[in-house]
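Structure assessment
So the chains spell out like this:
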Amino acid sequence: MSAAVEVVADPAASRYEILVDGVVAGFAQYRMRDDAMVFTHTEVRGEYEGRGLGGHLVGAALDGARTAGLSVVPLCSFVAWYIQRNPEYRDLVDDDYRNLVDTAG
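Conventions used here
- Residues numbered from 1 in each chain as written.
- Predicted model: local features only at pLDDT ≥ 70, side-chain atom pairs only at ≥ 80, totals over all residues.
- Heavy atoms only, no water.
- Helix = DSSP H or I, 4+ residues; strand = E, 2+ residues; numbered from the N terminus.
- Buried < 20%, exposed > 50% of the residue type's maximum accessible area, 1.4 Å probe, protein only.
- Contact = heavy atoms within 4.5 Å.
- Polar contact = N/O pair within 3.5 Å; in protein donor to acceptor, adjacent residues only side chain to side chain.
- Pairing = 2+ DSSP bridges.
- Axes fitted to C-alpha atoms, helices over the stretch in contact; angles between N-to-C directions.
- Expected span 1.5 Å × (residues − 1).
- Parallel < 35°, antiparallel > 145°, perpendicular 65-115°, else oblique.
- Nonpolar A, V, L, I, M, F, W, Y, C, P; charged D, E, K, R; others polar.
- Core = buried A, V, L, I, M, F, W, Y, C linked by side-chain atoms within 4.5 Å.

Regarding the environment of Asp94
With respect to the secondary-structure elements, Asp94 resides in the segment after α2 (77–85). Asp94 sits in the partly exposed class, given a relative accessible area of 22%. Here the alpha-carbon distance between Asp94 and Gly46, two residues 48 residues apart in the chain, equals 31 Å. Apart from residues no more than four positions distant in its own chain, Asp94 is found in contact with Ser71, Val72 and Val73. In terms of polar contacts, Asp94 uses its side chain to reach the backbone amide nitrogen of Asp96, at 2.9 Å.

A word on the sheet that holds strand β4 (residues 36–44)
Read from one edge to the other, the open sheet built from 5 strands follows the order β1-β2-β3-β4-β5, with strand pairing classed as mixed. Each of the sheet's edge strands pairs with one partner strand only, and the pair in question is β1 (5–10) and β5 (71–74). Across this sheet, the average inter-strand angle for adjacent strands is 25°, counted without regard to direction. When strand β2 (residues 15–20) meets strand β3 (residues 23–33), the two strands line up antiparallel, connected through 6 bridges. Across the sheet, residue Arg15 finds its bridge partner in β3, namely Gln29. Against the sheet, helix α1 (residues 53–67) makes contact with β1, β2, β3, β4 and β5, and its axis sits at roughly 140° relative to β2, the strand it touches most.

Describing α1
Its 15 residues give α1 an end-to-end C-alpha distance of 21 Å, which sits within 8% of 21 Å, the value for a rise of 1.5 Å per residue. All of the buried residues in α1 are Leu53, Gly54, Gly55, Leu57, Val58, Gly59, Ala61, Leu62 and Ala65. Residues of α1 that are buried make contact with β1, β2, β3, β4, β5 and α2. Looking one or two residues past α1, Gly69 carries a phi angle of roughly 75°, positive in sign.

Focus on the side chain of Thr42
Mapped onto the secondary structure, Thr42 falls in strand β4. Residues contacting Thr42, with those up to four places away along its chain left out, are Phe27, Ala28, Leu57, Val58, Cys76, Phe78 and Val79.

Let's talk about the packing of α1 against α2
Closest axis-to-axis distance for the α1/α2 pair is 10 Å, and the angle between their directions is 80°. Looking at the two axes, α1 sits roughly perpendicular to α2. Here Gly54, Gly55, Val58, Gly59 and Leu62 of α1 come into contact with α2, specifically with Phe78, Val79, Tyr82 and Ile83. Its residues assigned to classes, the contact of α1 with α2 shows 6 nonpolar, 3 polar and no charged.

A closer look at the nonpolar core
Met37, Phe39, Leu62, Val72, Val79 and Ile83 are the most contacted members of the largest nonpolar core, which totals 27 residues. Listed by contribution, the elements that provide at least two residues to this core are β2, β3, β4, α1 and α2. If one sorts the elements of this core by residue count, α1 sits on top with 6 residues. Not counting the four nearest positions on each side in its chain, Ile83 is found in contact with Leu62, Val72, Pro74, Tyr89, Arg90, Val93 and Val101.

Quick look at the structure:
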């Protein structure tokens, strides 16, 4: 049987959480600055690593930023790495922080 995976926004805690069978398996922490979502830390609990949950989590968080009309500041290295590998999200990155996702730099 496959585990149920769900990403939920928790704006009160300033983070997105990924749940596996209802248990918090990881989170993407952010803080708001004007109209930008500043991602500061992403973490997946050790027992859930290696399942692609981090990418699933960050993709959903970036989709949430897009839906809300927010730009993104990827201070978290995992979020920056994810955007580098998924360039369809590059347009979300605040112009002043594009160097964090430029692969040619």
